[in-house]
Amino acid sequence: MNRRLRGLGVPLAVAVLATAAVTTITTLRPVETGTTSPASPGEHGQAVVAAHRGSPGLAPEETLASYQRALAEGTDVLEGDVQLTADGELVLVHDDTLARTTDVETVFPERAQGLVGDFTLAEIKRLDAGSWFDPRFAGQRVPTVRELLNLNRGRAGLTLELKAPQNSPGVGAKLAEELRAAGLADGAVLRSGAYRVKVHSRDETALREFHAVAPKVQLAVLTGGEMLDDAALDALAGWTVGVFAHPRVTTAADIDRAHARGLKVFSDPVDSPAQIEMALHQRYDWVITNYPETALRVRAGKDAFPGPGAVLVDHVFPNPSGDDVQPETGEHVTLRNTTARPVDVSGHYVRDAASNLLRIGEGVTIQPGSLLRVYPGPGTDRPDAFYNGLSAGFLNNTGGDTVTLYSPRHRVLDTHSYIVP
């Protein structure tokens, strides 16, 4: 089952970088000033925390509400995906279409599957980009890059992806002009160790186009997953500042190989405390996350989640033999009461990385030291199981997923990431 994976993404997706593709622009690497050295083993304080699409675990991704939340949490960097509208305006949208994160199917039903670049800015601004996530965010709009710059006002660094440039011809030059006009194209390094602006893409041509207009801004090719081999790292070291990878499939020795070539290592999105710790201990330079507050707390050596932590995600059963929503043996998320007293979990809910929800109804209590299995499918509720009655599965079975437990007041209680064997 591979549903809605255009959302927060499968964290271990690997982008293959052809060495020949990067050897043609070996003079593009900007000169850095004020850079910091890679952290030593166990040094958490020097890792940069980058908020992936803002704080999308608590607000609708790539909206001003999401970015404002990330700034309030104290993130070092804001991350976003840049595309062009039909009238040449820069907007922040991850997907090729607007269908997942707006009400375009209601406002423009005959155009719902159209590309972002098929719509003018005025048309996109008619769309509600918040209600899909939670009714509390009704009326949030797709922001422009300029609106993000005005919100940020230099409080955090920026890392911006030239997203699907084949759908946005000229997006590289247009973004470079916007950053130059805002005085943000000087290649500066902030006190946090973050770049004032970094631009990344899977598309070398788009990066070259950007560099021609803003040559001092740091660049990175968006790789990911396993660490690249030495030849590919050598090629990247000629003109980029870093490489992307995931700590579940790298080792500290892999990070050392990149550092030996002067490359920083940026994590794929990591959300659970365990995966954040892995990145920090392997000496990743940047921890990119959908939960910046959690990453900041882990980096500081604090408890990942403030509060008593009475209930947590004990484990996930993502890929049963047979139907995902079969009774009893279907996929489920298991919660554990860590205390010696009953805990009422009425109104709690679980969200996966693509923002699918499992809710827990009224009157549900987890007994002391006991488990509660939360199923997406139909079944008869009992003291150790709650059924949502859905007709489709909940979890991603094609690589891994992250599930997060929330209180009724929308506070994060625990985050659990896993890999499908």
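On a predicted model such as this, the values are computed, not experimentally measured, just so you know. Starting from 1, residues in each chain are numbered consecutively following that chain's sequence as written. Side-chain atom pairs in this predicted model are given and counted only at pLDDT of 80 or more, local residue features only at pLDDT of at least 70, and totals for whole chains, interfaces and linings cover all residues. Heavy atoms from the whole structure form the basis of all side-chain values; hydrogens and water molecules are not counted.

Asker: Describe helix α11 (residues 292–299), listing the residues and the values that go with them.
Answerer: The complete set of buried residues in α11 reads P292, T294, A295, L296 and V298. Helix and strand definitions here come from DSSP, where helices need a minimum of 4 consecutive H or I residues and strands a minimum of 2 consecutive E residues; each element is numbered from the N-terminal end. Of the residues one or two after α11, G301 is the one with positive phi, at around 80 degrees. To sort residues, take the accessible area from a 1.4 Å probe on protein chains only and compare it with the maximum for the residue type: under 20% means buried, over 50% means exposed, and anything in between is partly exposed.

Asker: Run through the packing of helix α2 (residues 64–73) against helix α5 (residues 145–152), naming residues and quoting values.
Answerer: In the contact formed by α2 and α5, the axes pass within 11 Å of each other and the chain directions differ by 25 degrees. It follows from the interaxial angle that α2 and α5 lie roughly parallel. Helix-helix and strand crossings are classified by hand; for α2 and α5 the assignment is right-handed. Residue-level contacts link L64, Y67, Q68 and L71 of α2 to E147, L148, L151 and N152 of α5. Every axis corresponds to a line fitted to the C-alpha atoms, with the helix fit spanning only the stretch in contact, and the corresponding angles, defined between N-to-C directions, vary from 0 to 180 degrees. What sets the label is the angle itself: under 35 degrees gives roughly parallel, over 145 gives roughly antiparallel, 65 to 115 gives roughly perpendicular, and the rest give oblique. Two helices that cross are described as forming a left-handed crossing if the nearer one is turned anticlockwise from the farther one by less than a right angle, and a right-handed crossing if clockwise. Only heavy atoms enter the contact rule, under which two residues are in contact if any of them lie within 4.5 Å.

Asker: Give a description of the packing of aromatic side chains that names residues and reports values.
Answerer: Aromatic contacts are taken between Phe, Tyr and Trp rings whose centres are within 6.5 Å, Trp giving its six-membered ring; a plane angle under 30 degrees counts as stacked, one over 60 as edge-to-face, and the others as tilted. In the structure shown here, the tally under the stated rule is eight aromatic pairs. Both rings, one in Y195 and one in W286, keep their centres 5.9 Å apart while their planes meet at 35 degrees; by these two values the pair is tilted. Of this pair, Y195 sits in the loop between α6 (171–181) and β5 (197–201) while W286 is found in strand β9 (residues 286–289), placing the two residues 91 residues apart along the sequence. Here W286 falls in the buried class, since its relative accessible area comes to 1%. An aromatic cluster is present here, built from Y195, F244, F266 and W286 joined pairwise through their rings. One cation-aromatic arrangement involves K198 over F266; the distance from NZ or CZ to the ring centre is 4.6 Å. The criterion for a charge sitting over a ring is simple: Lys NZ or Arg CZ within 6 Å of the ring centre, and within 35 degrees of the ring normal.

Asker: Account for the pattern of salt bridges, naming residues and giving values.
Answerer: Within this document, salt bridges are pairs made up of a side-chain nitrogen of Lys or Arg and a carboxyl oxygen of Asp or Glu, the two lying within 4 Å of each other. Scanning the model with the defined rule gives 21 salt bridges in all. With a shortest N-O distance of 3.5 Å, R261 and D230 are connected by a salt bridge. Placement of the pair is R261 in the loop between α9 (252–260) and β8 (264–267) and D230 in helix α8 (residues 230–237), with a sequence separation of 31 residues. Residue classification places R261 among the partly exposed residues on the basis of a relative accessible area of 23%. Owing to a relative accessible area of 35%, D230 belongs among the partly exposed residues under this scheme. Each of D230, D234, D254, R257 and R261 takes part in one network of salt bridges that share partners.

Asker: An account of the sheet that holds strand β11 (residues 332–337) is requested, with residue identities and associated values reported.
Answerer: When DSSP locates at least two bridges between a pair of strands, those strands are taken to pair. With mixed pairing, the four strands of this open sheet are ordered in space as β10-β11-β16-β17. Either end of the sheet is taken by a strand with one partner, and the two such strands are β10 (311–317) and β17 (385–387). Pairs of neighbouring strands in the sheet enclose a mean axial angle of 25 degrees, with direction left out of account.

Asker: How would you summarise the nonpolar core if you had to cite specific residues and measurements?
Answerer: The nonpolar side chains of soluble globular proteins are, as a tendency, buried together. Membership of the largest hydrophobic core comes to 65 residues, with the highest contact counts inside it found for L78, L175, V199 and F210. Broken down by element, this core gets its largest block of residues, five residues, from α6. Once you skip the residues sitting within four places of it in the chain, L175 turns out to touch V82, L90, V145, L160, L162, V199 and F210. Nonpolar cores are built from buried Ala, Val, Leu, Ile, Met, Phe, Trp, Tyr and Cys residues. Side-chain atoms within 4.5 Å join them into one set. Grouped together as the second largest cluster of nonpolar side chains are 23 residues, V313, I366, V374 and F386 included.

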